[in-house]
Amino acid sequence: MTTTFVERVPAPAPRMRRRGRSRSWWLPAIGWVAQVALRLWLFRQHAGPVANPDETGYLIAARWLAGGPGADLTGFTFYQGGYALLLAPVFWFTSDPAVAYRLVVAVGSMVAAGAFPLAYLLLRRLGTGPRAAMAAAFAGGLSPSLLLFSGLALADAVLPTLILAWLVALHDLVARGSVRAGALAGGLAGYAMAVHLRGTVVLAVTLLAMAGMLIARRRGAAGTFFACRRGAAAGLVAALAAAGAATVLNRALSAALYPGGARDLSGLLAERVSGLDGQAWALAGAAGQLWYLIAATWGLAGVGLAGAVALVTRRSTPGPRRVLAAVLLATTLGIAYASSAALPDEHRIGNYAYGRYLACVALAWTLAGLLVLARAGRGTVVRHALAAAGLLAATGGVVVWYAGDRLQRYAFIAFDFPEVIFLSRVRDSFDLVAASLAALALLAGLAGAALLTARGGWPGVLAVLAAVNLVFAADLAPKSAPAAPAAGSDWLPVLTGPGRVGVDRRVPWNVRAVLAYRVSWTEAELYDGTPPAGVCTAVVPPGSGPAPAGWAATGAGGARQGWTTWVSDRCPGGSARGR
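Residues numbered from 1 in each chain as written. Predicted model: local features only at pLDDT ≥ 70, side-chain atom pairs only at ≥ 80, totals over all residues. Heavy atoms only, no water.

Peer 1: I'd like a description of the overall build of the protein, backed by residues and values.
Peer 2: Along the backbone of the protein there are 23 helices and nine strands. Considering only residue pairs separated by 6 or more positions, the protein has 75% of its internal contacts joining residues 24 or more positions apart. With an accessible surface of roughly 24500 Å², the protein has 64% of that area assigned to carbon and sulfur atoms. (Helix = DSSP H or I, 4+ residues; strand = E, 2+ residues; numbered from the N terminus. Contact = heavy atoms within 4.5 Å. Areas by Shrake-Rupley, 256 points an atom, 1.4 Å probe, with all protein chains shown as cover.)

Next comes the structure, spelled out in structure tokens:
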């Protein structure tokens with residue numbers, strides 16, 4: 001069946017007054033600065049990577065791309081080069097790991113805050129008035145998915161902004177037949193592939209959507225049909241070119257930083273999708289991710305999902321909105337399924353309910369839910385809120401059914417569940433029921449605010465959303481200033497240049513990963529057995545026995561830390577000191 005796009009060409013808008021045009025520029029700029037300032041304040045105490053090896057993997061890749069030393073990350077997950085490319089300029093200005101990390105937090109905060117003006121543009125494209133769009137974009141910019149990762153060296157800090165820019169470009173391609181928008185959408189999809197494996201899903205959806213535009217029939221303004229086809233063709237070329245460049249970049253990184261190969265997630269994905277047990281794992285994990293997405297957006301993602309299904313299935317839906325709804329649905333479901341299928345069984349609760357992988361689309365779904373609540377009639381609001389509640393209950397039920405008592409037995413890592421902890425108020429265990437009930441209560445509050453002023457409910461809905469998001473931000477903020485660290489208080493060895501550093505492969509991975517970033521003047525060399533000739537400091541397991549001839553044990557570290565150090569007598573002064 002051939003898809004038909006029906007276009008309504010709006011009448012030209014009256015010329016804005018000079019004052020209004022000026023305000024349309026400085027208000028988003030002020031809002032962006034405020035969003036950046038909030039993030040820098042929230043993460044003012046972040047001085048080094050905490051989510052390892054993910055953060056250190058990206059930081060080392062950025063340092064290597066900037067011309068600095070690399071590391072041997074063999075056996076770790078492959079951390080792709082697109083995000084690291086964005087961070088590389090930081091290492092042109094400093095080689096100090098702590099200073100570089102603080103600058104990376106600033107970069108992530110600025111890019112994440114860029115979701116605010118892009119959300120404004122997207123809402124305006126979808127017919128929202130300027131004041132409502134500005135307020136909704138700002139309130140949405142305070143969403144947990146945008147705040148949590150801004151202060152970390154993770155690709156998740158930039159993916160939500162990238163997704164919104166991609167959606168705006170796709171809308172302009174379909175609505176206006178813009179060749180420039182088509183090329184931008186394709187280029188962004190290709191860059192997303194370079195940033196993270198989730199970007200491969202974005203790229204696949206983009207290629208399918210643009211191929212569909214090339215073969216679709218279209219009615220509308222004269223010439224728009226051919227312009228859209230030209231835009232789709234430009235988008236395909238840009239997407240394939242960017243994907244090719246991403247492949248070259250990632251191959252170069254892989255050869256330099258993973259000489260013995262990276263962790264094989266693609267093999268695990270292929271194994272999972274080819275068997276019934278693997279399919280059950282992937283589908284249950286995808287349901288857990290959808291549950292988390294709905295709960296972590298206070299139910300708004302559920303409302304948006306219900307609204308998107310209605311738009312896609314309703315033939316009278318205008319082409320741009322139908323395409324946006326379809327690509328966002330396909331991207332979300334594709335990411336949830338593929339990431340779950342490729343996730344190793346690490347005996348942690350996050351294997352069954354996890355929010356990080358769909359955090360990149362959380363703001364888009366929040367905006368979709370806001371559009372339904374603030375612009376629909378009372379009956380539609382009630383139906384969509386009930387659908388969201390039903391979807392939350394159904395996906396949560398799948399998690400409980402599939403995981404069973406593993407939700408109590410497996411490891412609970414607080415980093416995996418910030419929104420769930422906020423909702424349930426339980427900080428040391430996973431309480432799905434309490435989190436679900438709290439999310440439903442917040443959804444009821446949002447829907448109630450919309451019902452009080454149907455078809456014009458922006459003020460009430462946005463007031464509730466902003467209040468909840470600000471309370472979450474206050475809960476996330478550090479409660480007191482950190483105590484000044486005492487000398488030698490770190491659990492890792494203190495190493496200083498300029499000598500070479502060797503690390504025994506038997507040292508625990510968490511020590512090796514962090515040292516690979518902290519040793520910034522040279523590459524930390526992994527070895528088996530005897531330290532390589534020319535190495536000044538060796539980091540070894542505590543049970544390694546006496547230091548060999550030519551080496552002296554420092555007595556630093558111990559069994560609890562998982563390491564100790566030896567220094568070579570051929571390097572005067574050594575390059576390590578005890579903690």
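What follows picks up the thread again.
Peer 1: Tell me about the sheet that holds strand β5 (residues 525-527), and please be specific about residues and values.
Peer 2: Reading across the sheet, the five strands line up as β5-β4-β6-β8-β7 and stay open at both edges, with mixed pairing between neighbours. This sheet does not close on itself; its edge strands, each paired only once, are β5 and β7 (551-553). Taking the axes of each pair of neighbouring strands and ignoring which way they run, one obtains an average angle of 30 degrees across the sheet. By the bridge criterion, four bridges tie strand β6 (residues 535-540) to strand β8 (residues 564-568) in an arrangement that is antiparallel. Along β8, the bridge assignment pairs Thr537 with Val567. (Pairing = 2+ DSSP bridges. Axes fitted to C-alpha atoms, helices over the stretch in contact; angles between N-to-C directions.)

Peer 1: Residue-level account of the packing of helix α6 (residues 115-125) against helix α7 (residues 130-141), with values.
Peer 2: Two numbers describe how α6 lies on α7: the axes approach to 8 Å, and their chain directions differ by 140 degrees. In terms of orientation, α6 lies oblique with respect to α7. Judged by the sense of rotation from one axis to the other, the crossing of α6 with α7 is right-handed. Judged by residue contacts, Phe116, Ala119, Tyr120, Leu123 and Arg124 of α6 engage Pro130, Ala133, Met134, Ala136, Ala137 and Phe138 from α7. By residue class, the composition of the contact of α6 with α7 is ten nonpolar, no polar and one charged. (Parallel < 35°, antiparallel > 145°, perpendicular 65-115°, else oblique. Left-handed = near helix turned anticlockwise from the far one by under 90°. Nonpolar A, V, L, I, M, F, W, Y, C, P; charged D, E, K, R; others polar.)

Peer 1: How would you summarise the state of the cysteines if you had to cite specific residues and measurements?
Peer 2: In total, this model carries one disulfide according to the counting rule given. Sulfur-sulfur distance for the disulfide between Cys536 and Cys571 comes to 2.0 Å. Between Cys536 and Cys571, the S-S dihedral sits near -75 degrees, and the bridge is therefore left-handed. Of the two residues, Cys536 sits in strand β6 while Cys571 sits in the loop between β8 and β9 (576-577), which places them 35 residues apart along the sequence. The same class applies to Cys536 as to Cys571, namely buried. (Disulfide = S-S within 2.5 Å. Buried < 20%, exposed > 50% of the residue type's maximum accessible area, 1.4 Å probe, protein only.)

Peer 1: Residues and numbers for the environment of Ala119, please.
Peer 2: Relative to the helices and strands, Ala119 resides in helix α6. Not counting the four nearest positions on each side in its chain, Ala119 is found in contact with Ala137, Leu164 and Leu367.

Peer 1: Now, about the packing of aromatic side chains: what can you tell me, with residues and values included?
Peer 2: This model, assessed by the stated rule, comprises 18 aromatic pairs. Ring centres 6.2 Å apart and planes at 55 degrees place the aromatic pair Trp401 and Tyr402 in the tilted group. Take Trp401: its relative accessible area is 68%, and that puts it in the exposed class. One aromatic cluster in this structure is built from Trp281, Tyr352, Trp401, Tyr402 and Tyr410. (Phe/Tyr/Trp six-rings, centres within 6.5 Å; stacked < 30°, edge-to-face > 60°.)

Peer 1: Report on the side chain of Thr366, specifying residues and quantitative values.
Peer 2: With respect to the secondary-structure elements, Thr366 resides in helix α17 (residues 359-375). Residue Thr366 is classed as buried on the basis of its relative accessible area of 3%. Setting aside chain neighbours within four positions, we find Thr366 in contact with Ser143, Thr297, Leu300 and Leu465.

Peer 1: How would you explain the pattern of salt bridges if you had to name every residue and give the values?
Peer 2: Tallying each qualifying case throughout the model produces 14 salt bridges. Two residues, Arg427 and Asp475, come together in a salt bridge whose shortest N-O distance is 3.2 Å. One end of the pair, Arg427, is in the loop between α20 (418-424) and α21 (432-452); the other, Asp475, is in helix α22 (residues 458-476), and 48 residues separate them in sequence. Looking at Asp475, the relative accessible area reads 21%, which means it is partly exposed. Between Arg506 and Asp504 there is a salt bridge; the shortest N-O distance is 2.9 Å. On the accessibility criterion, Arg506 (55% relative accessible area) is exposed. Residue class for Asp504 comes out buried when judged on its relative accessible area of 2%. Connected via shared salt-bridge partners are Asp54, Asp156, Arg198 and Arg356. (Salt bridge = Lys/Arg side-chain N within 4 Å of Asp/Glu carboxyl O.)

Peer 1: Requested: an account of the packing of α17 against α22, with residues and values cited.
Peer 2: Their axes nearest at 9 Å, the elements α17 and α22 cross at an angle of 140 degrees. The angle between α17 and α22 falls in the class oblique. Seen from above, α17 lies across α22 with right-handed handedness. Judged by residue contacts, Thr366, Leu370, Leu371, Leu373, Ala374 and Arg375 of α17 engage Trp458, Val461, Leu462 and Leu465 from α22. Here the residues of the contact of α17 with α22 sort into eight nonpolar, one polar and one charged.

Peer 1: Can you break down a nonpolar patch on the surface residue by residue, with the values?
Peer 2: On the surface, Trp26, Leu27 and Ile30 cluster together into a nonpolar patch covering about 280 Å² of accessible area. Locating Trp26 in the fold gives a position in helix α1 (residues 18-42). (Patch = residues over 30% accessible without salt bridge, like charges linked within 9 Å, V, L, I, M, F, W, Y side chains within 5 Å.)

Peer 1: Break down the nonpolar core for me, citing the residues and quoting the values.
Peer 2: General note: in soluble globular proteins, nonpolar side chains tend to be found buried as a group. Ranked by size, the top nonpolar core spans 162 residues in total, and within it Leu164, Trp166, Leu167, Trp291 and Phe430 carry the most contacts. With 13 residues, α17 is the largest single contributor of residues to this core. Grouped together as the second largest cluster of nonpolar side chains are 14 residues, Leu492, Val501, Val514 and Trp563 included. (Core = buried A, V, L, I, M, F, W, Y, C linked by side-chain atoms within 4.5 Å.)

Peer 1: Give a description of unusual backbone geometry that names residues and reports values.
Peer 2: Cis geometry marks the peptide bond from Asn52 to Pro53; its omega dihedral reads 10 degrees. Tracing the backbone through its elements, the reader meets Pro53 in the loop between α1 and α2 (54-65). Of note in this structure, Trp298 is not a glycine but carries a positive phi near 60 degrees. Here Trp298 lies in the loop between α14 (276-296) and α15 (300-313). One non-glycine residue, His347, adopts positive backbone phi at about 55 degrees.

Peer 1: Can you explain the pairing of β8? Please cite residues and give values.
Peer 2: Taken across its five residues, β8 has five buried, putting it largely inside the fold. Of the two faces of β8, the one holding Thr564, Trp566 and Ser568 and the one holding Thr565 and Val567 are both buried throughout.

Peer 1: Explain α2 to me, using residue names and the numbers behind them.
Peer 2: With twelve residues, α2 should cover 16 Å at 1.5 Å per step; its first-to-last C-alpha distance of 17 Å lies within 8% of that length. Of all the twelve residues making up α2, ten are buried; the element is thus mostly covered by neighbouring parts of the structure. Positive phi shows up at Gly67, right after α2, with a value of about 100 degrees. (Expected span 1.5 Å × (residues − 1).)

Keep in mind these numbers describe shape, not what the thing actually does.
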